[in-house]
Amino acid sequence: MTPEARRRWTGELIMMVTILLMGSSYPLAKEVLVVMSPLLYSGSRYVIAGIFLFAVLIVLRRPIALPRRDWVPIVILSAVGVAAFQACWGLGIARSAPSVGSIVMTTTTAFSAILAWIGGRRLSALGWVGIFVAFAGVVIVVNNSLSSWTLALGNIEGALFWMLSAFAWALYVDRCTPYNARLGGLRVFAWTTLIGAILLTLLALAFDSLAEFGRLDARQFSYWLYTAIFPVGVAFLGLSLGFERLGVPRVMVYMYLIPVAGVGLSAAVFGDPLTPARILGGLIVLLGVILTRVALDRSARLL
């Protein structure tokens, strides 16, 4: 096997593990949130993830310090891409089934396309069709019925938080691009993760108490620690390695499998109901996301 072939093979393996890790956070988080508040859970686990990422930087002997000119934008990115993103993520999963969250979060690509259009990039008719199809699929997933209309404030609240979370992540990824190119993706991930986690944890402590950790049993505490290290810290490291070995287009193909992993693990391990509406809606969302990504890639090639 040539060095290039080995590099690609290891990249493919890394991405398969990364997607499974990212998908596993949805059902495990639901178990922790039985006794822990969403904001404290989201903030505290990202503190651990941030520390893990800094440890990786030290082990790899990568640069850590930020230039003075980058502090303000990095703090803003932290507030949007971690604090707001994870606050909505936690509130969303506390109010809906894990499978719903893993599906709705794929609309990040649709929001990325809208942000690109706002930024002046031309978006073809295919892209707009993809956005419409993706959001139509979300409606089917949240409605969770193919025979009647069930939407009401009580069952769309969680989905609205998921949509806000997807938008915050799309905005973060969009605005991070120049900093990733100049400072390195892992360093940006580490700083924004830790700063955003501290901001969110401080906000959580205004409403919640660290005494909640005492209510976690051994199983729930292990889930909290796992979702802090693996679906965030290890997965972010996996994404960085995947981009280096496979490139952005190939990694994006793998990203489409996150809802498959999330829905599959939720149903198989935790008994999350896998209804026909969620299956059909999830497939429609995935189709819309793929159409949008194709339109974005074509637009990028024309620049």
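Residues numbered from 1 in each chain as written. Predicted model: local features only at pLDDT ≥ 70, side-chain atom pairs only at ≥ 80, totals over all residues. Heavy atoms only, no water.

Trainee: Help me understand the overall build of the protein, please; the structure alone is not making it clear to me.
Mentor: The secondary structure content of the protein amounts to 12 helices and 0 strands. For the protein, the α and β elements follow one another from N to C terminus as α-α-α-α-α-α-α-α-α-α-α-α. Against the globule reference of 19 Å for 303 residues, the protein gives a C-alpha radius of gyration of 19 Å, in line with a compact fold. For the protein, the spread of C-alpha atoms along the three principal axes comes to 55 × 55 × 45 Å. A buried classification covers 51% of the 303 residues belonging to the protein. Summing over all exposed atoms, the protein offers an accessible surface of approximately 14,000 Å²; the carbon and sulfur share of this is 72%. Mean positive and mean negative side-chain charge positions of the protein (23 and 12 charges, respectively) differ by 9 Å. (Helix = DSSP H or I, 4+ residues; strand = E, 2+ residues; numbered from the N terminus. Rg over C-alpha atoms; globule rule 2.2 N^0.38 Å. Buried < 20%, exposed > 50% of the residue type's maximum accessible area, 1.4 Å probe, protein only. Areas by Shrake-Rupley, 256 points an atom, 1.4 Å probe, with all protein chains shown as cover. Lys, Arg positive; Asp, Glu negative; His and termini not counted. Charge placed at Lys NZ, Arg CZ, Asp CG, Glu CD.)

Trainee: Explanation requested: helix α6 (residues 125-143) in the structure shown.
Mentor: Two residues of an α-helix separated by three or four positions point the same way, owing to the 3.6 residues in each turn. For α6, which comprises 19 residues, the first-to-last C-alpha distance of 27 Å matches the rise-based estimate of 27 Å (1.5 Å per residue) to within 8%. Taken together, the buried positions of α6 are Gly127, Gly130, Ile131, Val133, Ala134, Gly137, Val138, Val141, Val142 and Asn143. Phi turns positive one or two residues past the end of α6, at Asn144, with a value near 55 degrees. (Expected span 1.5 Å × (residues − 1).)

Trainee: Hey, could you run me through the nonpolar core in this one?
Mentor: The nonpolar side chains of soluble globular proteins are, as a tendency, buried together. Counting residues in hydrophobic clusters, the biggest one holds 70 residues, and the most contacted among them are Tyr41, Trp89, Trp162 and Phe236. Setting aside residues up to four positions removed in sequence, Trp162 forms contacts with Tyr26, Trp89, Gly92, Ile93, Ser96, Val100, Gly101, Val104 and Met105. Residues Leu40, Ala83, Ala87 and Leu200 belong to the second largest nonpolar core, which totals 9 residues. (Core = buried A, V, L, I, M, F, W, Y, C linked by side-chain atoms within 4.5 Å. Contact = heavy atoms within 4.5 Å.)

Trainee: Quick question: what am I supposed to make of the confidence of the model for the protein here?
Mentor: Caution is warranted with low-pLDDT regions, since their predicted coordinates should not be read in detail. Looking at the protein as a whole, the pLDDT averages 86, with 94% of positions reaching at least 70. Ranking the helices and strands of the protein by mean pLDDT puts helix α2 (residues 38-60) first, with 95, and helix α10 (residues 248-255) last, with 68. (pLDDT = per-residue confidence, 0-100.)

Trainee: Explain a nonpolar patch on the surface to me, please; I cannot follow it from the model alone.
Mentor: Taken together, the side chains of Trp9, Leu13, Met16 and Val17 make up a nonpolar region of the molecular surface, amounting to roughly 390 Å² of accessible area. Looking at the secondary structure, you find Met16 in helix α1 (residues 3-32). The partly exposed category is assigned to Met16, whose relative accessible area is 44%. (Patch = residues over 30% accessible without salt bridge, like charges linked within 9 Å, V, L, I, M, F, W, Y side chains within 5 Å. Salt bridge = Lys/Arg side-chain N within 4 Å of Asp/Glu carboxyl O.)

Trainee: Could you clarify how one ought to interpret the packing of aromatic side chains in this entry?
Mentor: One pair of aromatic rings is described through two measures. These are the centre distance and the angle between the planes. Counted by the stated rule, this structure contains 15 aromatic pairs. Centroid distance Phe111 to Phe167: 5.6 Å. Interplanar angle 75 degrees. Geometry classified as edge-to-face. Note that Phe111 is positioned in helix α5 (residues 108-118) and Phe167 in helix α7 (residues 153-183), a separation of 56 residues in sequence. Residue Phe111 is classed as buried on the basis of its relative accessible area of 13%. Measuring from ring centre to ring centre gives 4.5 Å for Phe189 and Phe236, while their planes differ by 20 degrees; the resulting arrangement is stacked. (Phe/Tyr/Trp six-rings, centres within 6.5 Å; stacked < 30°, edge-to-face > 60°.)

Trainee: Please explain the packing of α2 against helix α8 (residues 185-205) as it appears in this structure.
Mentor: Each pair of packed helices can be summarised by the angle the axes make with each other and by the distance between the axes. Axis separation between α2 and α8 bottoms out at 7 Å; the angle between their running directions is 155 degrees. Classified by the angle between their axes, α2 and α8 sit roughly antiparallel to one another. As α2 packs across α8, the resulting crossing turns out to be left-handed. When grouped by side-chain class, the residues that make up the contact of α2 with α8 number 21 nonpolar, 6 polar and 1 charged. (Axes fitted to C-alpha atoms, helices over the stretch in contact; angles between N-to-C directions. Parallel < 35°, antiparallel > 145°, perpendicular 65-115°, else oblique. Left-handed = near helix turned anticlockwise from the far one by under 90°. Nonpolar A, V, L, I, M, F, W, Y, C, P; charged D, E, K, R; others polar.)

Trainee: I would appreciate a short explanation of the side chain of Arg187 in the present structure.
Mentor: In this structure, Arg187 sits in helix α8. For the buried Arg187, no salt bridge exists, and the shortest N-O distance to an oppositely charged side chain is 6.9 Å, to Asp70. Not counting residues up to four positions away in its chain, the partners in contact with Arg187 are Leu57, Pro63, Ile64, Ala65, Leu66 and Pro67.

Trainee: Whenever I open this one, the pattern of salt bridges confuses me. Can you help?
Mentor: Opposite charge on two side chains lets them pair, provided their charged atoms get close. According to the stated counting rule, one finds 4 salt bridges in the structure shown. When the shortest N-O distance is used, the salt bridge between Arg95 and Glu157 registers 3.3 Å. With Arg95 in helix α3 (residues 71-95) and Glu157 in helix α7, this residue pair connects regions lying 62 residues apart in the sequence. Given the relative accessible area of 33%, Glu157 is considered partly exposed. The residue Asp174 makes a salt bridge to Arg175 at a minimum N-O spacing of 2.0 Å. You can call Asp174 partly exposed: its relative accessible area is 30%.

Trainee: Please clarify how the layout of surface pockets should be interpreted in this entry.
Mentor: Left-over empty space is what a probe sized like a water molecule reveals as it rolls over the atoms. There is about 230 Å³ of room inside the second largest pocket. In this structure, the second largest pocket is lined by 13 residues; those nearest its centre are Val260, Val263, Ile279, Gly282 and Leu283. At the level of secondary structure, the elements contributing two or more residues to the lining of the second largest pocket comprise α4 (98-104), α11 (258-270) and α12 (276-302). For the lining of the second largest pocket, a count of residues per class yields 9 nonpolar, 3 polar and 1 charged. (1 Å grid on protein atoms, 1.4 Å probe; cavity = no way out; pocket = protein on both sides within 12 Å on 5 of 7 lines; lining within 4 Å. Points joined across faces, edges and corners; volume = space filled by probe spheres on them.)

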